[in-house]
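Breakdown of the fold
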Amino acid sequence: MLISSELTKLPAHVAIIMDGNGRWARKRGLPRIMGHRAGVKTVRSTVRCARELGISVMTLYAFSQENWGRPPDEVGALMDLLVEYLRQELDEMLGNRISLRAIGDLQRLPEEARLVLKETIERTAGNSEMILNLALSYGGRSELARAARRLAEECLKGRLRPEEIDEDVLADRLYTSGLPDPDLLIRTSGEYRLSNFLLFQAAYSELYITPVLWPDFSREEFMKALEEYQKRERRFGLISQQHLSSCTARGS
Ligand code: FPP
């Protein structure tokens, strides 16, 4: 499919809750892992599409902290898929100047996944066209608790005063430090939940929820989400007129 030249106002950061792999497989009488395998193909095509469009950051919820509670064979299969994906994508990431990042409690990942992830992050670190950010063993609440712990430690060590703590200081201690907040948050498979994803960062994200299951989330579906985003008026808590004049003042 041709990328629509109509797309003008693109989100800088798109975050996606990739849901529905299990249901996709069940509908076809296949084991759940086949749904995840089909989901990896969608990851590949969506990242490609985002890169072609010039989206700067894409964060994918690939494995939540809660997902550790799934049956061990499913967890193992997801970890194997992650390793396979990273190995297969390295050349494309290098060719397309995509830099890989990961957020979450990465120490919990099996050693092989940790090593491949570390190597891919290091080898792609110099790339500047797009950041692909994988949320792995990620939970928004524990990310906030970790940031609070860090702030407390810095205060105890005398490096920070409690009155200096504001939203930016807190944001700097999150895994996403240095990344813009997501402008658009997509969730597939029709559930109306954040599921512990980017709780702080998604405060003003535009939400787009589609009933389409993740393996069926084609480039066309992605374009629909972007087109819908373009129709939204983002006011960040202001009234229309105020927001328009603050944009004009900032030259945006
Ligand atoms: C939710 O579907 C999806 C996940 C728990 C994992 C997402 C993983 C992938 C798309 C593949 C691996 C990703 C990478 C980047 C290699 P679900 O299993 O909860 O579906 P269901 O709600 O229909 O059961």
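Criteria and thresholds
- Residues numbered from 1 in each chain as written.
- Predicted model: local features only at pLDDT ≥ 70, side-chain atom pairs only at ≥ 80, totals over all residues.
- Heavy atoms only, no water.
- Patch = residues over 30% accessible without salt bridge, like charges linked within 9 Å, V, L, I, M, F, W, Y side chains within 5 Å.
- Areas by Shrake-Rupley, 256 points an atom, 1.4 Å probe, with all protein chains shown as cover.
- Salt bridge = Lys/Arg side-chain N within 4 Å of Asp/Glu carboxyl O.
- Lys, Arg positive; Asp, Glu negative; His and termini not counted.
- Charge placed at Lys NZ, Arg CZ, Asp CG, Glu CD.
- Buried < 20%, exposed > 50% of the residue type's maximum accessible area, 1.4 Å probe, protein only.
- Phe/Tyr/Trp six-rings, centres within 6.5 Å; stacked < 30°, edge-to-face > 60°.
- Lys NZ or Arg CZ within 6 Å of the ring centre and 35° of its normal.
- Axes fitted to C-alpha atoms, helices over the stretch in contact; angles between N-to-C directions.
- Helix = DSSP H or I, 4+ residues; strand = E, 2+ residues; numbered from the N terminus.
- Parallel < 35°, antiparallel > 145°, perpendicular 65-115°, else oblique.
- Left-handed = near helix turned anticlockwise from the far one by under 90°.
- Contact = heavy atoms within 4.5 Å.
- Nonpolar A, V, L, I, M, F, W, Y, C, P; charged D, E, K, R; others polar.
- Core = buried A, V, L, I, M, F, W, Y, C linked by side-chain atoms within 4.5 Å.
- Near = heavy atom within 4 Å.
- Polar contact = N/O pair within 3.5 Å; in protein donor to acceptor, adjacent residues only side chain to side chain.

1. Here's the deal with a negative patch on the surface
- A cluster of acidic residues, Asp166, Glu167, Asp168 and Asp172, forms a negative patch on the protein surface.
- Residue glutamate 167 is classed as exposed on the basis of its relative accessible area, which comes to 62%.

2. Points about the packing of aromatic side chains
- Counted by the stated rule, this structure contains 7 aromatic pairs.
- With a centroid separation of 6.2 Å and 55° between ring planes, the pair formed by phenylalanine 217 and phenylalanine 222 is classed as tilted. The pair phenylalanine 217 / phenylalanine 222 is uniform in exposure class, with both members buried.
- Three or more aromatic residues link up through ring pairs in this structure, and these residues are Tyr61, Tyr138, Tyr175 and Phe197.
- Sitting over the ring of tyrosine 229, lysine 9 keeps its end group 5.2 Å from the ring centre.

3. Some words on the packing of helix H2 (residues 32-53) against helix H3 (residues 72-95)
- At a minimum axis separation of 10 Å, H2 and H3 run at an interaxial angle of 25°. If you check the angle between H2 and H3, you find them roughly parallel. For H2 against H3, the interelement crossing comes out right-handed. Touching Arg32, Ile33, His36, Arg37, Val40, Val43, Arg44, Val47 and Arg48 of H2 are Glu74, Ala77, Leu78, Leu81, Glu84, Tyr85, Gln88, Glu89 and Glu92, all from H3.
- In terms of residue class, the contact of H2 with H3 is made up of 8 nonpolar, 2 polar and 8 charged.

4. Remarks on the nonpolar core
- If you look at the biggest cluster of nonpolar residues, it comprises 45 residues, and the most contacted ones within it are Met58, Leu132 and Phe222.
- For this core, the element with the highest residue contribution is H3, accounting for 9 residues.
- What methionine 58 contacts, discounting residues up to four positions off in sequence, is His13, Val14, Ile16, Thr46, Val47, Ala50, Met130, Ile131, Leu132, Asn133 and Phe222.
- Counting 11 residues, the second largest nonpolar core, distinct from the first, contains Ile103, Tyr138, Leu185 and Leu198.

5. A few points about the site of the ligand
- Of all residues adjacent to the ligand, which total 16 residues, the nearest are Met18, Gly22, Arg23, Arg32 and Arg70.
- Between the ligand and the protein, one listed contact pairs an oxygen atom with a side-chain N or O atom of arginine 32 at 2.8 Å.
- Within the complex, 92% of the 620 Å² of free accessible area of the ligand lies under protein.
- For the shell around the ligand, the elements supplying multiple residues, two or more each, are helix H1 (21-27), H2 and H3.
- The leading source of residues in the shell around the ligand is H2, at 4 residues.
- Classifying every residue of the shell around the ligand gives 6 nonpolar, 6 polar and 4 charged.

6. Quick notes on unusual backbone geometry
- Even without glycine at this site, serine 137 takes up a positive phi of about 50°.
- Following the sequence through the fold, serine 137 ends up in strand S4 (residues 130-138).
- A positive phi angle, near 50°, is found at serine 195, a position not held by glycine.
- Positionally, serine 195 belongs in the loop between strand S5 (184-187) and strand S6 (206-209).

7. Observations regarding the pattern of salt bridges
- Under the criterion given, the structure shown has 19 salt bridges.
- Across the pair glutamate 112 and arginine 87 runs a salt bridge, and its minimum N-O distance is 3.3 Å. Of this pair, glutamate 112 sits in helix H4 (residues 111-124) while arginine 87 is found in helix H3, placing the two residues 25 residues apart along the sequence.

8. So, the side chain of threonine 188
- When you line up the elements, threonine 188 lands in the loop between S5 and S6.
- By relative accessible area, which is 0% here, threonine 188 ends up buried.
- A distance of 2.7 Å separates a polar atom in the side chain of threonine 188 from the backbone oxygen of aspartate 19.
- Ignoring any residue separated from it by four or fewer positions in sequence, one finds threonine 188 in contact with Ile17, Met18, Asp19, Thr210, Val212, Leu213, Trp214 and Phe217.

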